[in-house]
Amino acid sequence: MKITIASGKGGTGKSTVAANLAYTLARSCEVVLVDCDVEEPDLHLFFPASAVDVPVTTPVPEIDPARCTLCGECGKFCHFGALSVLKDRVLIFPELCHSCGGCVLVCPQGAVREVPRTVGRVACSRPLPALTLISGVLNEGEVQAPTVIKAAKMLAEGHPLTLYDASPGIACPVIETLEGSDVCVLVTESTPFGLHDLRLAAEVAERVGIPAGVVINRSDGQDEATLGFCRERGLPILMTIPFSREIAAVQNRGGLICRDLPGWEERFTGLFSEIVKIAGVSL
Ligand code: SF4
Ligand code: SF4
């Protein structure tokens, strides 16, 4: 089963939920936790361990000046502004290239070939006997987050139980993370901003056709608006984590509430049971 933990905005506690759920599950079975928040991966902070890095590359064009006639076809084709045909040469801006391969196809002289370019890495570690952590890390200034997410997910392929921690928001990286998931857990807070972003995230999950449920984090007990929205959209509430100094203190020191506070491992086990119900898959 593949579970995506997502949120419409940052700072809702999405990674906290993912880390606690992974820790709880790893007490009784093999789990792979994939950090797909490749611009700011942070799950390694919960699970410090030495990691093996695998570089992530993407193909970008290289021009053979001996063959190029400066006809301009590649520049006209590239919608990303990654190629500019000047009077005496073709300029390439590799960081703008989306690796579509189109310039190779349209060049009438066969003057374009693809060469690999490193855009990030995937770090693999084994912080617990039954937990594998795979973290995608996008190099600074790069735009190809989906490429790194795809590489991280590919390394986790074939494992029976995988958790994907998506990046916040509803952009391409989240869609890439959701791809192939059986179920989506939306983490939110009961604030007007939280509800606004939950609406957007729920719509994305619905459009991608993945069943979803909601975890309300830092609840102050005034959850009526969120509960009303979830009722209206048929989104089950999977778990509510109250706002408490005790929980905040554990989280602020990078701890796990399921390990450090009594009763929370059972509650995260219960969360998993609820997730299995809405996913409708057998393990
Ligand atoms: S399409 Fe080929 S020949 Fe034409 S400018 Fe581009 S690289 Fe040169
Ligand atoms: S591979 Fe696609 S995006 Fe990259 S330079 Fe060529 S046409 Fe542009």
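Residues numbered from 1 in each chain as written. Chains lettered and ligands numbered in written order. Predicted model: local features only at pLDDT ≥ 70, side-chain atom pairs only at ≥ 80, totals over all residues.

Novice: For the domain arrangement of the chain, give the residues involved together with the corresponding values.
Specialist: Each assigned domain of the chain is listed with its residue range as follows: domain 1 (2-56 + 121-279) and domain 2 (58-118). Placing the centre of domain 1 and that of domain 2 at their C-alpha centroids yields a distance of 39 Å. (Domains from an automatic or database assignment.)

Novice: Go over the site of ligand 1 with me, naming the residues and quoting the values.
Specialist: In the vicinity of ligand 1, 14 residues are found, and the nearest of them are Cys68, Cys71, Glu73, Cys74 and Cys107. The residue makeup of the shell around ligand 1, split by class, is ten nonpolar, three polar and one charged. (Near = placed C-beta within 6 Å. Nonpolar A, V, L, I, M, F, W, Y, C, P; charged D, E, K, R; others polar.)

Novice: Break down the site of ligand 2 for me, with residues and values.
Specialist: Taken together, 13 residues form the shell around ligand 2, and within it Cys78, Ala82, Cys97, Cys100 and Cys103 come nearest. Tallied by class, the residues present in the shell around ligand 2 amount to nine nonpolar, four polar and no charged.

Novice: Account for the nonpolar core, with residues named and values stated.
Specialist: Generally speaking, soluble globular proteins have nonpolar side chains that are buried together. Ranked by internal contacts, the top residues of the largest apolar core, which has 70 residues, are Ala22, Leu33, Val148, Leu163, Val185 and Leu186. In this view, Leu186 contacts Ala6, Ser7, Leu198, Ala201, Ala202, Ala205, Ala212 and Val214; residues no more than four positions away in its chain are not counted. Formed by twelve residues, the second largest nonpolar core is a distinct cluster that contains Ala82, Leu83, Val90 and Cys97. (Core = buried A, V, L, I, M, F, W, Y, C linked by C-beta atoms within 7 Å. Buried ≥ 20, exposed ≤ 12 C-beta atoms within 10 Å, placed from the backbone. Contact = placed C-beta atoms within 7 Å.)

Novice: How would you explain the sheet that holds strand β8 (residues 162-165) if you had to name every residue and give the values?
Specialist: Pairing within the open sheet is mixed, and its nine strands lie in the order β3-β6-β7-β2-β8-β1-β9-β10-β11. Two strands in the sheet have a free side with no partner beyond their single neighbour: β3 (52-63) and β11 (237-242). The sheet shows a mean angle of 20° between the axes of neighbouring strands, taken without regard to direction. Pairing analysis gives four bridges linking strand β10 (residues 212-219) to β11, with the strands arranged parallel. Bridging from a neighbouring strand, Val214 pairs with Ile237 of β11. (Pairing = 2+ DSSP bridges. Helix = DSSP H or I, 4+ residues; strand = E, 2+ residues; numbered from the N terminus. Axes fitted to C-alpha atoms, helices over the stretch in contact; angles between N-to-C directions.)

Novice: Outline the pairing of strand β2 (residues 31-35), listing residues and values.
Specialist: Most of β2 sits inside the fold, with five of its five residues counted as buried. Residues Val31, Leu33 and Asp35 point to one face of β2 and Val32 and Val34 to the other, with burial holding for every one of them. Looking at chain direction, β2 and strand β7 (residues 131-138) are connected through five bridges and run parallel. Its bridge partner being in β7, Val32 is matched across the sheet by Thr132. Bridge analysis of β2 against β8 gives four bridges, and the strand direction is parallel. Residue Val34 lies in a different strand from β8, and its bridge partner there is Tyr164.

Novice: Give me the lowdown on the pairing of strand β1 (residues 2-6), citing residues and values where you can.
Specialist: Taken residue by residue, a regular strand's side chains alternate between the two faces of the sheet. Among the five residues of β1, five are classified as buried, and the element is accordingly described as predominantly covered. Residues Lys2, Thr4 and Ala6 point to one face of β1 and Ile3 and Ile5 to the other, with burial holding for every one of them. Sheet analysis places β1 next to β8, joined by four bridges and oriented parallel. Each bridged residue has a counterpart across the sheet, and for Lys2 the counterpart in β8 is Thr162. In the sheet, β1 pairs with strand β9 (residues 183-189) via four bridges, with the strands oriented parallel. In the strand pairing of β9, Thr4 is matched with Cys184.

Novice: Tell me about the environment of Gly120, and name the residues and values.
Specialist: Here Gly120 is to be found in strand β6 (residues 112-128). Taking the C-alpha atoms as reference, Gly120 lies 6.4 Å from Val148; in sequence the two are 28 residues apart.

Novice: Can you break down unusual backbone geometry residue by residue, with the values?
Specialist: Backbone geometry at Leu70 places phi at a positive 60°, although glycine is not the residue there. In this structure, Leu70 sits in the loop between β3 and α3 (73-77). A positive phi angle, close to 50°, is found at Arg218, a residue other than glycine. Mapped onto the fold, Arg218 is located in strand β10. Residue classification places Arg218 among the buried positions, given that 21 C-beta atoms sit within 10 Å.

Novice: How would you summarise the packing of helix α7 (residues 192-208) against helix α8 (residues 224-233) if you had to cite specific residues and measurements?
Specialist: At a minimum axis separation of 10 Å, α7 and α8 run at an interaxial angle of 20°. In terms of their interaxial angle, α7 and α8 are classed as roughly parallel. You can see that α7 and α8 cross each other, and the crossing is right-handed. Residues Leu195, Leu198, Arg199 and Ala202 of α7 lie in contact with α8, whose contacting residues are Ala225, Thr226, Phe229 and Arg233. A class-by-class count of the residues in the contact of α7 with α8 yields five nonpolar, one polar and two charged. (Parallel < 35°, antiparallel > 145°, perpendicular 65-115°, else oblique. Left-handed = near helix turned anticlockwise from the far one by under 90°.)

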